[in-house]
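Reading the structure
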Amino acid sequence: MHLYTLQTLRFCSSAIMMRIKTPKNGRVRRELEKRAPKLVETGKKTLILQGTKTSGTLNGVLSEIYHLKKGGAVRFTRKNDNIRPFESGGETSLEFFSLKTDCSLFVYGSHSKKRPNNLVIGRMYDHHVYDLVEVGVENFKSIESFNYDKKMAPRVGSKPFIAFVGEGFENVDELKHLKEVLLDLLRGEVVENINLAGVDRAYVCTAISSNKVYLTHCALRLKKSGTVVPRMELVEVGPSMDLVVRRHRLPNEGLRKEAMRTAKDQPKKKIKNVSSDAIEGTIGKIYIPDQKVGDVALPNKAKGVKRERREAKKKEANERASKKQKEESE
Amino acid sequence: MAMETESQKAFHVDVGNLLAFNPFHSFPSLPASRDELVKECLHEGTKLVQAVADSLFNLPSSEDVDGPLVKLPPPTTKLPREKHLPKPKPPTKWEEFAKKKGIQKRKKDKVVWDEQTGTWKRRFGYDRVNDDKDIPIIEAKMTDEPGVDPFAKRQDEKKKRVEKQEKNRLQNLKQAAKIGALPSHVQLAATALPITGTQAPPKKVTKDELGNVAGMAATSTASGGKFDRKLPGEKPAKKQGKHRKFLPVVEGSGIGSREKEQTESVLNKLISKHSHEILNVGKAVTMYNVKKEKKARNKRNQEGKFSSATNKLKPKKLLQKKTGKKGPVSSKKGKAK
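Just so you know, these numbers come straight off a predicted model, no measurement behind them. (Residues numbered from 1 in each chain as written. Chains lettered and ligands numbered in written order. Predicted model: local features only at pLDDT ≥ 70, side-chain atom pairs only at ≥ 80, totals over all residues. Heavy atoms only, no water.)

Bringing the overall build of chain A into the picture now. When helices and strands are tallied, chain A shows eight helices and 13 strands. Split into buried and exposed, the 330 residues of chain A put 39% on the buried side. A separation threshold of at least 6 residues defines the contact pool for chain A, and within that pool the share at least 24 residues apart is 65%. When the accessible surface of chain A is summed, it comes to about 21,200 Å², and 52% of that surface belongs to carbon and sulfur atoms. (Helix = DSSP H or I, 4+ residues; strand = E, 2+ residues; numbered from the N terminus. Buried < 20%, exposed > 50% of the residue type's maximum accessible area, 1.4 Å probe, protein only. Contact = heavy atoms within 4.5 Å. Areas by Shrake-Rupley, 256 points an atom, 1.4 Å probe, with all protein chains shown as cover.)

Below, the discussion takes up the state of the cysteines. All chains considered together, the criterion is met by zero disulfides over all chains. In this structure Cys205(A) is not part of a disulfide, and its nearest cysteine sulfur, from Cys218(A), lies 9.9 Å away. (Disulfide = S-S within 2.5 Å.)

Geometry of an aromatic ring pair is reported as the spacing of the ring centres plus the angle between the planes. For the structure shown, the criterion picks out six aromatic pairs over all chains. Between the aromatic rings of Phe96(A) and Phe97(A), the centroid separation amounts to 6.2 Å while the plane-to-plane angle is 50°, which identifies the pairing as tilted. The partly exposed category is assigned to Phe96(A), whose relative accessible area is 45%. Geometrically, the ring pair formed by Trp94(B) and Phe97(B) is tilted, given 5.6 Å between the ring centres and 40° between the ring planes. With Trp94(B) and Phe97(B) both in helix 2 (residues 93-101) and three residues apart, this pair spans about one turn of that helix. On the basis of relative accessibility, which here comes to 53%, the residue Trp94(B) falls in the exposed class. Here a set of aromatic residues connected by ring pairs shows up, and it is made of Phe76(A), Phe96(A) and Phe97(A). The cationic tip of Arg247(A) hangs over the ring face of Phe86(A); the distance from NZ or CZ to the ring centre is 4.2 Å. (Phe/Tyr/Trp six-rings, centres within 6.5 Å; stacked < 30°, edge-to-face > 60°. Lys NZ or Arg CZ within 6 Å of the ring centre and 35° of its normal.)

Turning next to the pattern of salt bridges. All names here are of chain A. This model, assessed by the stated rule, comprises 27 salt bridges over all chains. Notably, a salt bridge pairs Arg187 with Asp184, separated by 4.0 Å at the nearest N-O pair. Here Asp184 and Arg187 lie together in helix 6 (residues 173-187), a separation of three residues that amounts to about one turn. The same class applies to Arg187 as to Asp184, namely buried. The salt bridge involving Glu316 is made with Arg320; its shortest N-O contact spans 3.3 Å. Of the two residues, Glu316 and Arg320 both sit in helix 8 (residues 307-329), four residues apart, roughly one turn of that helix. Residue Glu316 is classed as partly exposed on the basis of its relative accessible area, which comes to 45%. Overlapping salt bridges bring together Lys44, Arg123, Asp131, Glu180, Asp184 and Arg187 as one network. (Salt bridge = Lys/Arg side-chain N within 4 Å of Asp/Glu carboxyl O.)

All names here are of chain A. Here strand 6 (residues 128-141) pairs with strand 11 (residues 231-249) via eight bridges, running antiparallel. Bridge pairing links Glu138 to Asp242 in strand 11. Relative to strand 11, strand 10 (residues 212-223) runs antiparallel, the two being bridged by eleven bridges. If you follow Leu215 over to strand 11, its bridge partner there is Met241. (Pairing = 2+ DSSP bridges.)

Let's shift gears to empty space enclosed by the protein. All names here are of chain A. The full count for this structure, using the stated rule, is two cavities of 30 Å³ or more. Each pocket or cavity is described by its volume, and for the largest cavity that value is around 160 Å³. Ile65, Leu185, Leu186, Leu215 and Met241 are the residues nearest the centre of the largest cavity, which is lined by 16 residues in total. The set of elements that each furnish at least two residues to the lining of the largest cavity consists of helix 3 (56-68), strand 5 (118-125), helix 6, strand 10 and strand 11. The class makeup of the residues in the lining of the largest cavity is 13 nonpolar, two polar and one charged. Here the second largest cavity is characterised by a volume of approximately 50 Å³. Lining the second largest cavity, in full, are Thr42, Gly43, Lys44, Lys69, Leu105, Asp184, Arg187, Gly188 and Val190. By residue class, the composition of the lining of the second largest cavity is two nonpolar, three polar and four charged. (1 Å grid on protein atoms, 1.4 Å probe; cavity = no way out; pocket = protein on both sides within 12 Å on 5 of 7 lines; lining within 4 Å. Points joined across faces, edges and corners; volume = space filled by probe spheres on them. Nonpolar A, V, L, I, M, F, W, Y, C, P; charged D, E, K, R; others polar.)

Structure follows, in structure tokens:
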């Protein structure tokens, strides 16, 4: 007993005391489960924030992007002067915000003389910066400046059509990266079923030159045509802007491989000694080790059954019996 | 991938993402006006959107209240994940043991028949089947020690079992956390740092202690903690301001000039300590008189008592004391004597 207590004391002194924390609220538990990593992922949330200085156009751009992504976006209105996405130490604040708001896409706007109307679009993997694209916004036209029939306005949260035009998106590295990031940003929720009456918006991105992209948001008009497929008509409604690619940072290879992994891609564990044949089906191989015939115990030569043993025992019993008789007689 | 049969150009269509990509278009020369550029972009966009719609509307649809519902195929463009793939939970120690032994899980009922009362009672919770407080009599066994309360013993055993269970649960969770497969609603928090020397847990600091320490720290600032930013709810420091008084820079030199007095007193103290010439005559005289009187007294006592040893000690003692206080004076005294 004494030794037992001593051992427990020793155990306690070497380990860090840990406590299990579980949520006492059903609401908190549901929130945590929503934020847990899932096998198949649905939409990504976007974090929209700004740096120390912003211009009028940039403010407009940020608010319109927030409008377009109303359901799955968080907008911070204060200025953050310690966020510098392209510097090694300037990402900690971003990662902290991403962790707290559970956002894996961010749009950071800032304005300076060297980089006017700057927009940094970035993605996160496990709440650490995965990749970044820096673009400058030119020729921005906000939603108010377009006149269109208000009845056709696309509804919030509808899944958009996305169109990319231009060979630049295939040939130029930066534009290829921008295409991927824009797809992630504009995509919205990943759904299995879609209601055909509810498709009403489209984004068109055209590569004008090797570093400029014209992005515009249009409403869709479905016109009657002879077949099941209606004729599409695009009407510009939403914001339109020119994006000039300035800098970009690609993810490093290892991180990219890990992020691109899907559940099905996981290397299937090879079951050994099983093969399948078209005719016979599944075939298994069984390996039997060599039998060591000489070492096996012979079945009939059990200890108590051996004849010599038996006879020796009988003899002993007889001798003892005769001895006793002699003693008794004496 | 859908092919446009009209032209030789092919668009890359991804119906799962409602995406279409035309990699063959290029602007040989930028159109002069903005409007023309916009028009051309929209024209190209319309073509692509039409291509997607072609494949989309031809998918098998089911009728719904709001409109035709279509099941989208999985998207072909691969995009990176936002979080890592969830790792499967490792089997707990009991699960491993059960697998090894071939123990199957048995479905337990919520209510159990209670023989004592003759009713169906819960398996756990309020008013349960084998509750400790429902036992009226425990029969004594030969192995029982006298003086041990069996009811208390049962409660202790139950407590120990519960503690062991909690420890095992913590170990299982730690194992899962090591792999990275901790369940989403559980967090492991460290309560205390490893105890090294004594086994005493770290003491909690009281509010007053904290206040005192904060006040002490505040005085280390140049303004004595007066302008420190306070947390909401923090009370002002008790001893505010500086604890040192500096004399004014500009002051007249006269009788009341404090700076002169200050420097004078400092200098006097310094010089007096290391000087061998300064003698406080009054004090020296009184000391001499006192000593003389004591000696006379001792002589009278000596004649009466004959305690020479004590007499020898006593004056020496006085001497020691005096050397402690004022070095030069006593040396002078010795010389005078």
